[in-house]
Amino acid sequence: MSKVDRRITKSQEAIKNALIELMTEKSFDDITIQDISDRANVNRGTIYLHYTDKYDLLDKLMEEHINKLRETSVWACEQEWIDATKTFFEYFESNYLFFSTMLASKGAPSFRSKFLEFLIEAFKDEVDEGKNQGLSEEVIVKFAANAYVGILESWLKEGMPSPPQSIAKEVGILLERIV
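No experiment lies behind these values; they were computed from the predicted model shown.

1. So, unusual backbone geometry
Consideration 1: You will see that asparagine 41, though not glycine, has its phi angle at about 60 degrees, which is positive.
Consideration 2: Relative to the assigned elements, asparagine 41 resides in the loop between helix H2 (33–40) and helix H3 (44–50).
Consideration 3: Looking at asparagine 41, the relative accessible area reads 70%, which means it is exposed.
Consideration 4: Positive phi outside glycine occurs at methionine 160, with the angle close to 55 degrees.
Consideration 5: Mapped onto the fold, methionine 160 is located in the loop between helix H8 (137–157) and helix H9 (164–178).

2. Things to note about H2
Consideration 1: Listed in full, the buried residues belonging to H2 are Ile33, Ile36, Ser37 and Ala40. Along the long axis of H2, the arc covered by the buried residues comes to 95 degrees, so they all point the same way.
Consideration 2: Of the surrounding elements, those touching the buried residues of H2 are helix H1 (6–25), H3 and helix H4 (54–76).
Consideration 3: Following H2 by one or two positions, asparagine 41 has its phi on the positive side, about 60 degrees.

3. Some thoughts on the packing of aromatic side chains
Consideration 1: All told, the structure shown has 15 aromatic pairs when counted by the stated rule.
Consideration 2: Each ring, one from phenylalanine 89 and one from tryptophan 155, has its centre 5.2 Å from the other, and the planes form 70 degrees; the classification is edge-to-face. One end of the pair, phenylalanine 89, is in helix H5 (residues 81–94); the other, tryptophan 155, is in helix H8, with 66 residues separating them in the sequence. An identical accessibility class is assigned to phenylalanine 89 and tryptophan 155; each is buried.
Consideration 3: Where phenylalanine 92 meets tyrosine 148, the ring centres are 6.4 Å apart and the plane angle is 75 degrees; that geometry is what we call edge-to-face. Of this pair, phenylalanine 92 sits in helix H5 while tyrosine 148 sits in helix H8, placing them 56 residues apart in sequence.
Consideration 4: An aromatic cluster of at least three residues, connected via ring pairs, comprises Trp81, Phe89, Tyr91, Phe92, Phe98, Phe99, Phe111, Phe115, Phe123, Tyr148 and Trp155.

4. What to know about the packing of H1 against H4
Consideration 1: Axis separation between H1 and H4 bottoms out at 11 Å; the angle between their running directions is 100 degrees. Overall, the two elements H1 and H4 adopt an arrangement that is roughly perpendicular. Across from Glu13, Ile15, Lys16, Leu19, Ile20 and Met23 in H1, the residues of H4 making contact are Leu57, Leu58, Leu61 and Glu64.
Consideration 2: Of the residues belonging to the contact of H1 with H4, the class tally is seven nonpolar, no polar and three charged.

5. Regarding the nonpolar core
Consideration 1: Counting residues in each nonpolar core, the largest one holds 54 residues, and the members touching the most others are Ile36, Phe92, Phe115 and Tyr148.
Consideration 2: Contributions of two or more residues to this core are made by H1, H2, H4, H5, helix H6 (96–104), helix H7 (109–124), H8 and H9.
Consideration 3: Broken down by element, this core gets its largest block of residues, nine residues, from H8.
Consideration 4: Excluding anything up to four places from it in sequence, phenylalanine 115 contacts Ile66, Leu69, Phe92, Leu103, Tyr148, Val149 and Leu152.

6. Focus: a negative patch on the surface
Consideration 1: Taken together, the side chains of Asp125, Asp128, Glu129 and Glu137 make up a negatively charged region of the molecular surface.
Consideration 2: Secondary-structure assignment places glutamate 137 in helix H8.

Rules behind the numbers
Residues numbered from 1 in each chain as written. Predicted model: local features only at pLDDT ≥ 70, side-chain atom pairs only at ≥ 80, totals over all residues. Heavy atoms only, no water. Helix = DSSP H or I, 4+ residues; strand = E, 2+ residues; numbered from the N terminus. Buried < 20%, exposed > 50% of the residue type's maximum accessible area, 1.4 Å probe, protein only. Arc of directions from axis to C-beta. Contact = heavy atoms within 4.5 Å. Phe/Tyr/Trp six-rings, centres within 6.5 Å; stacked < 30°, edge-to-face > 60°. Axes fitted to C-alpha atoms, helices over the stretch in contact; angles between N-to-C directions. Parallel < 35°, antiparallel > 145°, perpendicular 65-115°, else oblique. Nonpolar A, V, L, I, M, F, W, Y, C, P; charged D, E, K, R; others polar. Core = buried A, V, L, I, M, F, W, Y, C linked by side-chain atoms within 4.5 Å. Patch = residues over 30% accessible without salt bridge, like charges linked within 9 Å, V, L, I, M, F, W, Y side chains within 5 Å. Areas by Shrake-Rupley, 256 points an atom, 1.4 Å probe, with all protein chains shown as cover. Salt bridge = Lys/Arg side-chain N within 4 Å of Asp/Glu carboxyl O. Lys, Arg positive; Asp, Glu negative; His and termini not counted. Charge placed at Lys NZ, Arg CZ, Asp CG, Glu CD.

Dropping the structure here:
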């Protein structure tokens, strides 16, 4: 496996952080590559070295977080609901700016859709046929996924009023009852 130059990683992180910060200040459509380069303190050419345009940057940023959640899901889903949910809420807390911006932003509604899609797929393998007898699996997973996103959005918008362990415990208990 080839080693990535730390300067490249540092530039890419600065560019991604600049985009997220700018999205908290103005709509995505109003953000220019120049805005991003100024905020990240890199040349415009550096951005184009790594990304086709601001849409590519946003897509890669969203995909990076969805992939991280997918990787975490592989091992976290082996745990009990409360412990698994705690793992995810700790990740949301440590990436607060990203998730609060993406779920609140009118410029990135595709993230909410991708996130919901990820959750629906993750919950499909967890449906308990016995306790949900007579109910549609599709309805159960959509209900659980939408409830999860709604709680997460609310928790983030309110500035994370409770620690991730507390909200995760309640969400975990509810998911255990539903799914």
